[in-house]
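One-letter residues, chain by chain:
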Amino acid sequence: METREARIGIVGMGYVGLPLALLFSDERFRVTGFDVDQKKVSTLNAGGSYIVRILPADIQEAHKSGFQATADYSQIGLMDAVIICVPTPLDEHHEPDLSYVTGTVASVAPFVHEGQLIVLESTTYPGTTEEVVVPMLEAGNPHGLKVARGPEESGVLVAFSPEREDPGNETVARHDIPKVVGGCSTAAAELASAMYGSIFGRVVRVSSPSVAEMTKLLENIYRCVNIALVNELKQLCMRMGIDMHEVIDAAKTKPFGFQAFYPGPGLGGHCIPIDPFYLSWKAREFDFRTRFIELAGEVNTQMPYFVISQISAALNERSKSIKGSKILVLGLAYKRDIDDLRESPSLTIIELLRGKGAIVAYNDPYFPTVGRGRHYDLNMTSVPLDDLAQYDAVVIVTDHSAYDYRAIVEQSQLVVDTRNATKGIESPKIVHC
Ligand SMILES: NC(=O)c1ccc[n+]([C@@H]2O[C@H](COP(=O)([O-])OP(=O)(O)OC[C@H]3O[C@@H](n4cnc5c(N)ncnc54)[C@H](O)[C@@H]3O)[C@@H](O)[C@H]2O)c1
């Protein structure tokens, strides 16, 4: 690791794996990116990018350190360390879907070798590394290799290290986000710490993979529960005629014991709406109910429905109904200034509006078109923002910073603002929700 001779393989060239590959490449490591998506492999090898905030020039720069992508798992054998960053979604019963992880481990297992480091980064329930990944690696390699456990043993070195990226957050450099690492053996923890220590400013070693897995879940559950809290209190504040955002701004002046979370139209992204349920599921094995998670999930999931009720009320004030109204949804991404719409509340809001007979259009600079995803089939094209007066309501679902909110309010008949994006703009056309 110190001499940068170690070859790093990263499986899953998505929002997590690709930036990680670039961090290693920046530090002159020779990185190979593995992905089953041949289109991504070809794009990367041609020096292109498919993630907005990663420029083709970044990929081309990484090529100079030897970065290349492949779908050929036999190259795993050439790697000194393999980091797995594949998706961990929920299935249709809202239960963990580990199929991407198990599919990856099954593909990696035949090529592992003694002393090779295998790190899982995908967010998952405590126990996944030791109960799922380790047995699969041991059963799937043809040489009968064992995974090293405890302080002394040798074998394949396995660890878990959660990803802590916050897409769109420009305030903390990736390098400055401490990296938590838990190994199945002392050697695995040491090697993983050395590897991450070469690209991150600080490595936090914990005693086991389960502690590292649970750390990630605690972080995300903390966010999920606190967002639910402000989402619920916002609804109360609206009834009481109090501006929740003003309350939060005042509360956050307290120099200790308070961290600001903001209400919105509902949770989105690959993490916060999903990860907590990995723990609820695992908790059942221990005859335990994670009530905070369930309650937060209930409050947050209901938020898009609350937005619909507010749109309906605002139209009603103007003697209109949702049915037959032209409604423009501003912003599809699940949060500001990113090109990710996984689990975005905008998708639910559009489907609910359409279900009630609205004629819905959307604008999002990050999504010229939107087709079909795991949970939606919209088949829409982003409309230009040139004739806002034609819409009965413009609903701000994502507060992208590229929008000129003053101009939007001026040109629209009615603006329903779910993000406090119009803060400071006084107009009877604005309805906050
Ligand atoms: N996106 C985030 O901000 C974020 C933050 C923290 C943690 N995470 C976690 O990181 C993990 C990865 O998330 P992501 O956002 O990068 O997902 P993603 O969907 O952007 O990327 C996953 C990639 O893995 C590839 N893949 C799937 N199965 C594969 C296989 N068997 N072999 C090789 N490649 C395969 C897919 O083609 C895709 O390119 C998840 O567990 C997620 O919860 C994500």
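Here's a quick rundown of the structure. These numbers come from a predicted model, not from an experiment.

Running from N to C, helix H1 (residues 17-26) and helix H3 (residues 56-64) point in directions that differ by 45°, and their axes come no closer than 9 Å. Classified by the interaxial angle, the pair formed by H1 and H3 is oblique. The two elements H1 and H3 meet at a crossing, and its hand is left-handed. Counting all contacts with H1, which are made through Leu-18, Leu-22 and Ser-25, the residues of H3 involved are Asp-58, Ile-59 and Ala-62.

Attention now goes to the site of the ligand. In the region of the ligand, 26 residues are neighbours, and Val-16, Asp-35, Lys-40, Tyr-73 and Thr-88 sit closest. A distance of 3.4 Å separates an oxygen atom of the ligand from a polar atom in the backbone of Val-86. Thr-88 places a side-chain nitrogen or oxygen 2.6 Å from an oxygen atom of the ligand. Calculation on the ligand without its partners gives an accessible area of 840 Å², and the protein chains cover 92% of this total. Broken down by class, the residue content of the shell around the ligand amounts to 12 nonpolar, seven polar and seven charged.

Spatial ordering of the open sheet is given by S3-S2-S1-S4-S5-S6-S7-S8, a layout of eight strands whose pairing is mixed. Two strands lie at the open edges of the sheet, namely strand S3 (68-70) and strand S8 (203-206), each paired on one side alone. The sheet shows a mean angle of 25° between the axes of neighbouring strands, direction not considered. Pairing geometry for strand S2 (residues 30-34) and S3, over three bridges, is parallel. Within the sheet, the bridge partner assigned to Gly-33 lies in S3 and is Ala-69.

Look at helix H7 (residues 209-240) against helix H10 (residues 291-317): their axes get within 9 Å of each other, and the N-to-C directions meet at 45°. Between H7 and H10, the crossing angle belongs to the class labelled oblique. The hand of the H7/H10 crossing is left-handed. Residues Ile-221, Cys-224, Val-225, Ile-227, Ala-228, Asn-231, Glu-232, Lys-234, Gln-235 and Met-238 of H7 pack against Phe-292, Ile-293, Ala-296, Val-299, Asn-300, Gln-302, Met-303, Phe-306 and Gln-310 of H10. For the contact of H7 with H10, a count of residues per class yields 12 nonpolar, five polar and two charged.

Here is what the cut-offs are and how they apply
Residues numbered from 1 in each chain as written. Predicted model: local features only at pLDDT ≥ 70, side-chain atom pairs only at ≥ 80, totals over all residues. Heavy atoms only, no water. Axes fitted to C-alpha atoms, helices over the stretch in contact; angles between N-to-C directions. Helix = DSSP H or I, 4+ residues; strand = E, 2+ residues; numbered from the N terminus. Parallel < 35°, antiparallel > 145°, perpendicular 65-115°, else oblique. Left-handed = near helix turned anticlockwise from the far one by under 90°. Contact = heavy atoms within 4.5 Å. Near = heavy atom within 4 Å. Polar contact = N/O pair within 3.5 Å; in protein donor to acceptor, adjacent residues only side chain to side chain. Areas by Shrake-Rupley, 256 points an atom, 1.4 Å probe, with all protein chains shown as cover. Nonpolar A, V, L, I, M, F, W, Y, C, P; charged D, E, K, R; others polar. Pairing = 2+ DSSP bridges.

Keep in mind that these numbers describe shape and distance, not what the molecule does.
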